[in-house]
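What follows is each chain in one-letter form.
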Amino acid sequence: MAEPMKIRATLQGDVADVRVLMAHPMETGQRKAAGKVVPLHFIQTITAQLNGRTVFSADVSQAISRNPVFAFKVKGAKAGDKIVITWTDNTGEKRTDETTVRAGS
Amino acid sequence: MRHALVLGLAAAVAAAPWLQASAQAPDPTAAEFDKFREVLEQDNPAELFEAKGEELWRARRGPKNASLEQCDLGLGAGVVKGAYARMPRYFADAGRVMDAEARIVHCMMTLQGFSYAELAKQPFSNASRTPDPVSLITYVAAQSRGMKVAAPQDHPKERDAYETGKAIFFYRAGAFDFSCASCHGADDKRIRTQPLPNFTKPAKAIAAVQGWPGYRMTGGVMHSLQWRMNDCFRQQRFPEPAYASETLSALLTYLTVNANGHVYRGPGIKR
(Lines give C-alpha, C1' and ligand atoms only; values in the text may rest on other atoms or scores of the structure.)
Protein backbone atom coordinates (compact mmCIF):
# COMPACT_ATOMS: atom_id res chain seq x y z
CA MET A 1 0.00 0.00 0.00
CA ALA A 2 1.54 3.26 -1.15
CA GLU A 3 1.92 6.08 1.33
CA PRO A 4 0.09 9.37 0.65
CA MET A 5 1.77 12.23 -1.20
CA LYS A 6 2.20 15.71 0.18
CA ILE A 7 0.98 18.31 -2.30
CA ARG A 8 1.15 22.06 -2.03
CA ALA A 9 -0.28 24.42 -4.64
CA THR A 10 0.21 28.12 -4.03
CA LEU A 11 -0.97 30.91 -6.28
CA GLN A 12 1.41 33.62 -7.46
CA GLY A 13 -0.61 35.92 -9.70
CA ASP A 14 -2.45 33.53 -12.04
CA VAL A 15 0.31 30.93 -11.84
CA ALA A 16 0.00 28.06 -9.39
CA ASP A 17 3.27 26.78 -8.00
CA VAL A 18 2.68 23.06 -7.40
CA ARG A 19 5.10 21.02 -5.31
CA VAL A 20 4.59 17.31 -4.82
CA LEU A 21 6.45 15.11 -2.39
CA MET A 22 6.05 11.39 -3.09
CA ALA A 23 6.87 8.48 -0.83
CA HIS A 24 8.47 5.81 -2.99
CA PRO A 25 11.56 3.58 -2.62
CA MET A 26 12.62 4.19 -6.28
CA GLU A 27 14.78 1.08 -6.41
CA THR A 28 17.27 1.17 -9.26
CA GLY A 29 17.81 -2.57 -9.53
CA GLN A 30 21.48 -1.93 -8.76
CA ARG A 31 21.36 -2.17 -5.02
CA LYS A 32 21.98 -5.34 -3.06
CA ALA A 33 20.58 -6.15 0.36
CA ALA A 34 21.85 -9.25 2.18
CA GLY A 35 23.59 -10.37 -1.01
CA LYS A 36 20.45 -10.23 -3.15
CA VAL A 37 19.68 -7.66 -5.80
CA VAL A 38 16.74 -5.49 -4.78
CA PRO A 39 14.43 -5.63 -7.79
CA LEU A 40 13.61 -2.57 -9.88
CA HIS A 41 10.77 -0.62 -8.33
CA PHE A 42 10.24 2.89 -9.57
CA ILE A 43 7.61 5.40 -10.58
CA GLN A 44 7.05 5.35 -14.35
CA THR A 45 4.39 7.93 -15.03
CA ILE A 46 3.16 11.02 -13.25
CA THR A 47 0.14 13.03 -14.33
CA ALA A 48 -1.33 16.20 -12.91
CA GLN A 49 -4.84 17.46 -13.53
CA LEU A 50 -6.24 20.90 -12.90
CA ASN A 51 -10.02 20.68 -12.52
CA GLY A 52 -10.03 17.43 -14.50
CA ARG A 53 -7.83 18.64 -17.37
CA THR A 54 -4.37 17.11 -17.69
CA VAL A 55 -1.81 19.88 -17.40
CA PHE A 56 1.35 17.91 -16.76
CA SER A 57 2.44 14.40 -17.52
CA ALA A 58 5.84 12.80 -17.31
CA ASP A 59 7.51 9.50 -17.99
CA VAL A 60 10.27 9.06 -15.48
CA SER A 61 12.92 6.44 -14.83
CA GLN A 62 14.81 4.83 -11.97
CA ALA A 63 17.30 7.71 -12.18
CA ILE A 64 15.01 9.76 -9.93
CA SER A 65 15.88 9.75 -6.22
CA ARG A 66 14.02 8.01 -3.44
CA ASN A 67 11.06 9.99 -2.04
CA PRO A 68 11.15 12.39 -4.99
CA VAL A 69 9.94 15.96 -5.17
CA PHE A 70 8.25 17.29 -8.33
CA ALA A 71 7.59 20.97 -8.82
CA PHE A 72 5.88 22.65 -11.75
CA LYS A 73 3.89 25.77 -12.52
CA VAL A 74 0.39 25.99 -14.01
CA LYS A 75 -0.86 29.13 -15.69
CA GLY A 76 -4.45 30.27 -15.40
CA ALA A 77 -5.17 28.69 -12.04
CA LYS A 78 -7.50 30.22 -9.47
CA ALA A 79 -7.73 29.81 -5.73
CA GLY A 80 -9.91 26.81 -4.93
CA ASP A 81 -9.07 24.92 -8.15
CA LYS A 82 -8.57 21.20 -7.71
CA ILE A 83 -5.19 19.64 -8.43
CA VAL A 84 -5.05 15.86 -8.75
CA ILE A 85 -1.74 14.02 -8.98
CA THR A 86 -1.41 10.37 -9.96
CA TRP A 87 1.65 8.18 -10.22
CA THR A 88 2.02 4.64 -11.50
CA ASP A 89 5.07 2.49 -10.89
CA ASN A 90 6.57 -0.46 -12.77
CA THR A 91 4.79 -2.98 -10.54
CA GLY A 92 1.46 -1.47 -11.54
CA GLU A 93 0.97 0.17 -8.17
CA LYS A 94 -0.87 3.48 -8.30
CA ARG A 95 -1.49 6.40 -6.02
CA THR A 96 -3.73 9.42 -6.47
CA ASP A 97 -3.92 12.42 -4.16
CA GLU A 98 -5.48 15.84 -4.49
CA THR A 99 -5.37 19.32 -3.08
CA THR A 100 -6.91 22.71 -3.74
CA VAL A 101 -4.97 25.73 -4.97
CA ARG A 102 -4.38 28.24 -2.22
CA ALA A 103 -3.99 31.98 -2.59
CA GLY A 104 -0.35 32.98 -2.13
CA SER A 105 0.81 35.29 0.61
CA MET B 1 48.31 64.74 26.24
CA ARG B 2 44.57 64.71 26.74
CA HIS B 3 44.10 65.00 23.02
CA ALA B 4 46.17 61.90 22.36
CA LEU B 5 44.14 59.93 24.88
CA VAL B 6 40.88 60.87 23.16
CA LEU B 7 42.36 59.88 19.81
CA GLY B 8 43.47 56.57 21.25
CA LEU B 9 40.00 55.89 22.57
CA ALA B 10 38.45 56.78 19.23
CA ALA B 11 40.78 54.33 17.52
CA ALA B 12 39.79 51.61 19.97
CA VAL B 13 36.09 52.24 19.37
CA ALA B 14 36.63 52.25 15.62
CA ALA B 15 38.55 49.00 15.81
CA ALA B 16 35.95 47.20 17.90
CA PRO B 17 33.16 46.94 15.31
CA TRP B 18 35.63 45.71 12.74
CA LEU B 19 36.87 43.02 15.08
CA GLN B 20 33.34 41.99 15.85
CA ALA B 21 32.38 41.89 12.19
CA SER B 22 35.34 39.71 11.28
CA ALA B 23 34.53 37.32 14.11
CA GLN B 24 30.92 37.01 12.97
CA ALA B 25 31.35 37.19 9.19
CA PRO B 26 30.11 33.83 7.89
CA ASP B 27 32.45 31.73 5.84
CA PRO B 28 31.30 32.19 2.19
CA THR B 29 31.32 28.45 1.53
CA ALA B 30 29.24 27.80 4.62
CA ALA B 31 26.86 30.58 3.57
CA GLU B 32 26.33 28.89 0.18
CA PHE B 33 25.60 25.59 1.94
CA ASP B 34 23.08 27.39 4.14
CA LYS B 35 21.31 28.75 1.04
CA PHE B 36 21.25 25.27 -0.46
CA ARG B 37 19.79 23.89 2.76
CA GLU B 38 17.14 26.61 2.85
CA VAL B 39 15.93 25.64 -0.63
CA LEU B 40 15.87 21.98 0.34
CA GLU B 41 13.91 22.66 3.50
CA GLN B 42 10.96 23.85 1.42
CA ASP B 43 10.41 20.28 0.20
CA ASN B 44 11.75 18.13 2.95
CA PRO B 45 10.84 14.42 2.62
CA ALA B 46 10.90 14.38 6.44
CA GLU B 47 7.27 15.49 6.05
CA LEU B 48 6.44 12.02 4.70
CA PHE B 49 7.85 10.44 7.85
CA GLU B 50 6.02 12.98 9.97
CA ALA B 51 2.74 11.90 8.35
CA LYS B 52 3.63 8.23 8.78
CA GLY B 53 4.57 8.86 12.42
CA GLU B 54 1.24 10.55 13.12
CA GLU B 55 -0.58 7.58 11.65
CA LEU B 56 1.49 5.21 13.82
CA TRP B 57 0.87 7.35 16.90
CA ARG B 58 -2.90 7.00 16.52
CA ALA B 59 -3.01 3.40 15.32
CA ARG B 60 -3.85 0.52 17.67
CA ARG B 61 -0.81 -1.73 17.44
CA GLY B 62 1.31 -4.25 19.26
CA PRO B 63 0.39 -7.26 21.43
CA LYS B 64 -1.81 -5.00 23.60
CA ASN B 65 -3.56 -3.51 20.56
CA ALA B 66 -3.26 0.03 21.93
CA SER B 67 -2.45 3.42 20.41
CA LEU B 68 0.23 5.77 21.76
CA GLU B 69 -2.32 8.51 22.43
CA GLN B 70 -2.01 7.88 26.18
CA CYS B 71 1.79 8.19 26.08
CA ASP B 72 3.03 10.81 28.55
CA LEU B 73 5.86 12.78 26.96
CA GLY B 74 6.31 14.86 30.08
CA LEU B 75 3.46 17.35 29.64
CA GLY B 76 0.68 14.92 30.56
CA ALA B 77 -0.77 11.83 28.88
CA GLY B 78 -1.33 12.42 25.19
CA VAL B 79 0.15 15.93 25.03
CA VAL B 80 2.50 16.02 22.06
CA LYS B 81 2.62 19.72 21.27
CA GLY B 82 5.82 21.23 22.61
CA ALA B 83 6.90 18.03 24.38
CA TYR B 84 9.96 17.41 22.21
CA ALA B 85 11.46 20.82 23.00
CA ARG B 86 11.14 20.05 26.72
CA MET B 87 13.00 16.75 26.69
CA PRO B 88 15.14 15.00 27.89
CA ARG B 89 13.45 15.06 31.28
CA TYR B 90 12.97 12.89 34.36
CA PHE B 91 10.06 10.47 34.25
CA ALA B 92 8.98 9.17 37.64
CA ASP B 93 7.21 6.11 36.15
CA ALA B 94 10.48 4.97 34.57
CA GLY B 95 12.72 6.27 37.36
CA ARG B 96 15.19 7.80 34.91
CA VAL B 97 15.85 10.69 32.59
CA MET B 98 14.69 9.96 29.04
CA ASP B 99 15.22 11.65 25.74
CA ALA B 100 12.27 11.80 23.36
CA GLU B 101 13.10 8.62 21.46
CA ALA B 102 13.82 6.65 24.64
CA ARG B 103 10.42 7.80 25.91
CA ILE B 104 8.66 6.70 22.73
CA VAL B 105 10.34 3.30 23.01
CA HIS B 106 9.23 3.16 26.67
CA CYS B 107 5.62 3.93 25.64
CA MET B 108 5.73 1.33 22.86
CA MET B 109 6.82 -1.22 25.45
CA THR B 110 4.46 -0.30 28.29
CA LEU B 111 1.34 0.72 26.32
CA GLN B 112 1.59 -1.45 23.22
CA GLY B 113 3.51 -4.40 24.64
CA PHE B 114 6.40 -4.43 22.18
CA SER B 115 9.61 -5.95 23.54
CA TYR B 116 12.85 -4.00 23.81
CA ALA B 117 14.69 -6.76 21.93
CA GLU B 118 12.26 -6.38 19.05
CA LEU B 119 12.68 -2.61 18.88
CA ALA B 120 16.45 -2.66 19.36
CA LYS B 121 17.00 -5.33 16.70
CA GLN B 122 17.14 -2.76 13.92
CA PRO B 123 16.82 0.63 15.59
CA PHE B 124 18.12 2.74 12.70
CA SER B 125 16.86 3.37 9.19
CA ASN B 126 18.43 1.81 6.14
CA ALA B 127 17.53 1.89 2.46
CA SER B 128 15.01 -0.91 2.89
CA ARG B 129 13.30 -0.05 6.14
CA THR B 130 12.54 2.88 8.42
CA PRO B 131 11.83 1.59 11.95
CA ASP B 132 8.60 2.81 13.53
CA PRO B 133 10.25 4.79 16.38
CA VAL B 134 12.07 6.88 13.75
CA SER B 135 8.80 7.91 12.08
CA LEU B 136 7.24 8.46 15.50
CA ILE B 137 10.06 10.70 16.70
CA THR B 138 9.78 12.72 13.48
CA TYR B 139 6.09 13.29 14.17
CA VAL B 140 6.68 14.19 17.82
CA ALA B 141 9.58 16.52 16.98
CA ALA B 142 7.52 18.31 14.32
CA GLN B 143 4.97 19.22 17.02
CA SER B 144 7.63 21.42 18.65
CA ARG B 145 8.46 23.33 15.47
CA GLY B 146 9.12 27.00 16.20
CA MET B 147 9.33 26.49 19.95
CA LYS B 148 12.15 27.33 22.28
CA VAL B 149 14.33 24.48 23.48
CA ALA B 150 13.76 24.19 27.22
CA ALA B 151 15.14 20.93 28.60
CA PRO B 152 14.41 21.05 32.34
CA GLN B 153 17.04 20.94 35.07
CA ASP B 154 14.70 20.97 38.06
CA HIS B 155 14.86 17.37 39.23
CA PRO B 156 18.15 16.19 40.82
CA LYS B 157 18.23 13.28 38.33
CA GLU B 158 18.10 15.79 35.47
CA ARG B 159 21.09 17.63 36.91
CA ASP B 160 22.84 14.28 37.42
CA ALA B 161 22.14 13.39 33.79
CA TYR B 162 23.66 16.69 32.68
CA GLU B 163 26.85 16.02 34.66
CA THR B 164 27.05 12.42 33.43
CA GLY B 165 26.50 13.60 29.86
CA LYS B 166 29.22 16.19 30.27
CA ALA B 167 31.61 13.53 31.56
CA ILE B 168 30.79 11.29 28.57
CA PHE B 169 31.30 14.22 26.22
CA PHE B 170 34.82 14.84 27.48
CA TYR B 171 35.77 11.19 28.08
CA ARG B 172 38.73 10.23 25.91
CA ALA B 173 39.23 6.57 25.08
CA GLY B 174 39.21 4.04 22.30
CA ALA B 175 41.69 3.18 19.58
CA PHE B 176 42.01 6.84 18.57
CA ASP B 177 42.01 8.26 22.11
CA PHE B 178 39.04 10.35 21.03
CA SER B 179 36.23 12.09 22.86
CA CYS B 180 33.16 13.95 21.57
CA ALA B 181 35.06 17.09 22.58
CA SER B 182 37.94 16.22 20.22
CA CYS B 183 35.70 17.39 17.37
CA HIS B 184 33.01 19.42 19.12
CA GLY B 185 34.89 21.08 21.97
CA ALA B 186 36.68 23.94 20.20
CA ASP B 187 35.76 26.71 17.76
CA ASP B 188 36.21 26.64 13.97
CA LYS B 189 36.97 22.95 13.51
CA ARG B 190 35.85 21.11 10.44
CA ILE B 191 35.92 17.66 8.91
CA ARG B 192 36.46 17.88 5.15
CA THR B 193 34.15 20.78 4.23
CA GLN B 194 31.76 20.24 7.11
CA PRO B 195 32.08 22.74 9.95
CA LEU B 196 32.05 21.08 13.38
CA PRO B 197 30.09 23.19 15.83
CA ASN B 198 31.44 23.73 19.32
CA PHE B 199 28.74 22.23 21.54
CA THR B 200 30.29 23.55 24.74
CA LYS B 201 29.39 27.14 23.76
CA PRO B 202 25.74 28.14 24.23
CA ALA B 203 25.71 30.05 20.92
CA LYS B 204 26.67 26.96 18.89
CA ALA B 205 25.15 24.20 21.04
CA ILE B 206 21.85 24.47 19.17
CA ALA B 207 23.56 22.78 16.21
CA ALA B 208 23.34 19.51 18.15
CA VAL B 209 19.55 19.80 18.27
CA GLN B 210 18.70 21.71 15.09
CA GLY B 211 17.90 19.68 12.02
CA TRP B 212 17.31 16.47 13.97
CA PRO B 213 15.57 14.21 13.32
CA GLY B 214 16.90 14.71 9.79
CA TYR B 215 16.31 13.34 6.32
CA ARG B 216 19.63 12.39 4.82
CA MET B 217 19.74 12.73 1.07
CA THR B 218 22.71 10.36 0.87
CA GLY B 219 20.73 7.14 0.68
CA GLY B 220 17.42 8.88 1.26
CA VAL B 221 16.90 7.80 4.86
CA MET B 222 15.39 9.40 7.93
CA HIS B 223 17.64 9.50 10.98
CA SER B 224 17.08 10.42 14.62
CA LEU B 225 19.43 11.74 17.30
CA GLN B 226 19.80 8.20 18.66
CA TRP B 227 21.40 7.28 15.34
CA ARG B 228 23.58 10.40 15.33
CA MET B 229 24.93 9.66 18.80
CA ASN B 230 25.47 5.99 17.97
CA ASP B 231 27.32 6.86 14.77
CA CYS B 232 29.54 9.40 16.55
CA PHE B 233 30.61 6.66 18.98
CA ARG B 234 31.22 4.29 16.08
CA GLN B 235 33.37 6.90 14.34
CA GLN B 236 35.35 7.36 17.54
CA ARG B 237 35.88 3.56 17.60
CA PHE B 238 34.02 3.32 20.89
CA PRO B 239 31.79 0.38 21.70
CA GLU B 240 28.36 1.36 20.44
CA PRO B 241 25.98 2.36 23.26
CA ALA B 242 22.75 0.42 23.73
CA TYR B 243 19.74 1.85 21.89
CA ALA B 244 17.64 4.27 23.98
CA SER B 245 19.99 3.72 26.94
CA GLU B 246 20.54 6.03 29.91
CA THR B 247 24.00 6.78 28.52
CA LEU B 248 22.52 8.39 25.42
CA SER B 249 19.80 10.17 27.39
CA ALA B 250 22.52 11.67 29.61
CA LEU B 251 24.61 12.79 26.65
CA LEU B 252 21.52 14.27 24.99
CA THR B 253 20.65 16.05 28.25
CA TYR B 254 24.06 17.72 28.24
CA LEU B 255 23.76 18.74 24.58
CA THR B 256 20.14 19.89 24.80
CA VAL B 257 20.48 21.87 28.02
CA ASN B 258 23.42 23.74 26.47
CA ALA B 259 21.08 24.65 23.59
CA ASN B 260 18.25 25.87 25.85
CA GLY B 261 16.66 29.13 24.74
CA HIS B 262 17.24 28.65 21.01
CA VAL B 263 14.27 28.16 18.68
CA TYR B 264 13.84 24.63 17.30
CA ARG B 265 12.89 24.63 13.62
CA GLY B 266 11.54 21.08 13.36
CA PRO B 267 12.79 18.02 11.50
CA GLY B 268 15.54 18.92 9.06
CA ILE B 269 17.30 17.81 5.91
CA LYS B 270 20.93 16.77 5.60
CA ARG B 271 23.30 16.25 2.71
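Cut-offs and rules
- Residues numbered from 1 in each chain as written.
- Chains lettered and ligands numbered in written order.
- Predicted model: local features only at pLDDT ≥ 70, side-chain atom pairs only at ≥ 80, totals over all residues.
- Helix = DSSP H or I, 4+ residues; strand = E, 2+ residues; numbered from the N terminus.
- Buried ≥ 20, exposed ≤ 12 C-beta atoms within 10 Å, placed from the backbone.
- Contact = placed C-beta atoms within 7 Å.
- Pairing = 2+ DSSP bridges.
- Axes fitted to C-alpha atoms, helices over the stretch in contact; angles between N-to-C directions.
- pLDDT = per-residue confidence, 0-100.
- Core = buried A, V, L, I, M, F, W, Y, C linked by C-beta atoms within 7 Å.
- Expected span 1.5 Å × (residues − 1).
- Parallel < 35°, antiparallel > 145°, perpendicular 65-115°, else oblique.
- Left-handed = near helix turned anticlockwise from the far one by under 90°.
- Nonpolar A, V, L, I, M, F, W, Y, C, P; charged D, E, K, R; others polar.

Bringing the overall build of chain A into the picture now. Along the backbone of chain A there are zero helices and nine strands. Starting at the N terminus and walking to the C terminus, you meet the elements of chain A as β-β-β-β-β-β-β-β-β. Dimensions of chain A, computed from the C-alpha atoms along their principal axes, are close to 55 × 25 × 20 Å. Buried positions account for 25% of the 105 residues belonging to chain A. Sequence-distant contacts in chain A: of pairs separated by 6 or more residues, those separated by 24 or more amount to 58%.

On to the overall build of chain B, then. The number of helices and strands found in chain B is eleven helices and nine strands. Taking the principal axes of its C-alpha atoms as reference, chain B extends roughly 85 × 40 × 40 Å. For chain B, the residues scored as buried account for 35% of the 271 residues in total. A separation of at least 24 residues holds for 70% of the contacts in chain B among residues at least 6 apart in sequence.

Once that is clear, we can look at the pairing of strand E2 (residues 15-21) of chain A. All names here are of chain A. Here seven bridges tie strand E1 (residues 6-12) to E2, and the two strands are oriented antiparallel to one another. If you follow Lys6 over to E2, its bridge partner there is Leu21. Bridge analysis of E2 against strand E7 (residues 69-75) gives seven bridges, and the strand direction is antiparallel. Within the sheet, the bridge partner assigned to Val20 lies in E7 and is Phe70.

Glancing now at the sheet that holds E1(A). Residue and element names in this part refer to chain A. Ordered by their spatial adjacency, three strands build an open sheet running E1-E2-E7, and the pairing between neighbours is antiparallel. Sheet topology places E1 and E7 at the edges, where each strand pairs with a single neighbour. Between one strand axis and the next, the sheet turns through 15° on average, direction left out of account.

Okay, the confidence of the model for chain B next. Residues and elements named next belong to chain B. Here chain B shows a mean pLDDT of 88. Residues at 70 or above account for 90%. With pLDDT under 50 throughout, residues 4-23 is counted as low confidence; its partners more than four residues away or in other chains account for zero contacts. As a predicted assembly, this complex carries a pTM of 0.86 together with an ipTM value of 0.85.

Our next topic: the environment of Ala92(B). All names here are of chain B. Along the polypeptide, Ala92 turns up in the loop between strand E1 (89-91) and strand E2 (96-98). The class for Ala92 is exposed, based on 9 C-beta atoms found within 10 Å. Along the primary structure Ala92 and Gly74 are separated by 18 residues, whereas in three dimensions their C-alpha atoms are 9.8 Å apart.

Of all hydrophobic cores here, the largest spans 75 residues; its most connected members are Ile104(B), Val140(B), Val209(B) and Leu255(B). Sequence-distant contacts of Val140(B), defined by excluding residues within four places in its chain, comprise Leu73(B), Val80(B), Ala83(B), Tyr84(B), Ala100(B) and Ile104(B).

To continue, consider the sheet that holds strand E9 (residues 94-100) of chain A. Residues and elements named next belong to chain A. Pairing in this open sheet of four strands is antiparallel, and the strands run E6-E5-E8-E9 from one edge to the other. A single partner strand is all that each edge strand has here, and the edge strands are strand E6 (53-59) and E9. The average undirected angle you get between the axes of adjacent strands in this sheet is 15°. Pairing of strand E5 (residues 43-50) with E6 involves six bridges; the strand directions are antiparallel. Bridging across to E6, Gln49 finds its partner in Thr54.

As a further point, take helix H4 (residues 100-110) of chain B. Working note: α-helix, 3.6 residues per turn, so residues spaced by three or four point in the same direction. Residue and element names in this part refer to chain B. With eight of eleven residues buried, H4 lies mostly within the body of the structure. Considered for burial, the residues of H4 that qualify are Ala100, Glu101, Ala102, Arg103, Ile104, Val105, Cys107 and Met108. Those residues of H4 hidden inside the fold are in contact with E1, E2, helix H5 (116-121), helix H6 (132-142), helix H10 (225-235) and helix H11 (246-258).

Following Met87(B), the chain continues to Pro88(B) via a peptide bond in cis, the omega torsion being 5°. Relative to the helices and strands, Pro88(B) resides in the loop between helix H3 (46-58) and E1. Trp212(B) connects to Pro213(B) through a cis peptide bond whose omega is -10°. Look at Met26(A): it is not a glycine, yet its phi comes out positive at around 45°. As for its position among the elements, Met26(A) is in the loop between E2 and strand E3 (32-33). With 20 C-beta atoms counted inside 10 Å, the residue Met26(A) sits in the buried group.

On to helix H2 (residues 28-41) of chain B, then. Across its 14 residues, H2(B) extends 20 Å between first and last C-alpha, which sits within 8% of the 20 Å expected from 1.5 Å per residue. Summarising burial for H2(B): zero of the 14 residues are buried, a small minority.

With that settled, consider the packing of H4(B) against H6(B). Residue and element names in this part refer to chain B. Remark: H4 packs on H6, axes separated minimally by 10 Å, with the N-to-C direction vectors making an angle of 120°. The orientation of H4 relative to H6 falls into the category oblique. Between H4 and H6 the crossing geometry is right-handed. Seen from H4, the contacting residues are Ala100, Glu101, Ile104, Val105 and Met108; seen from H6, they are Pro133, Leu136, Ile137, Val140 and Ala141. The class makeup of the residues in the contact of H4 with H6 is nine nonpolar, no polar and one charged.

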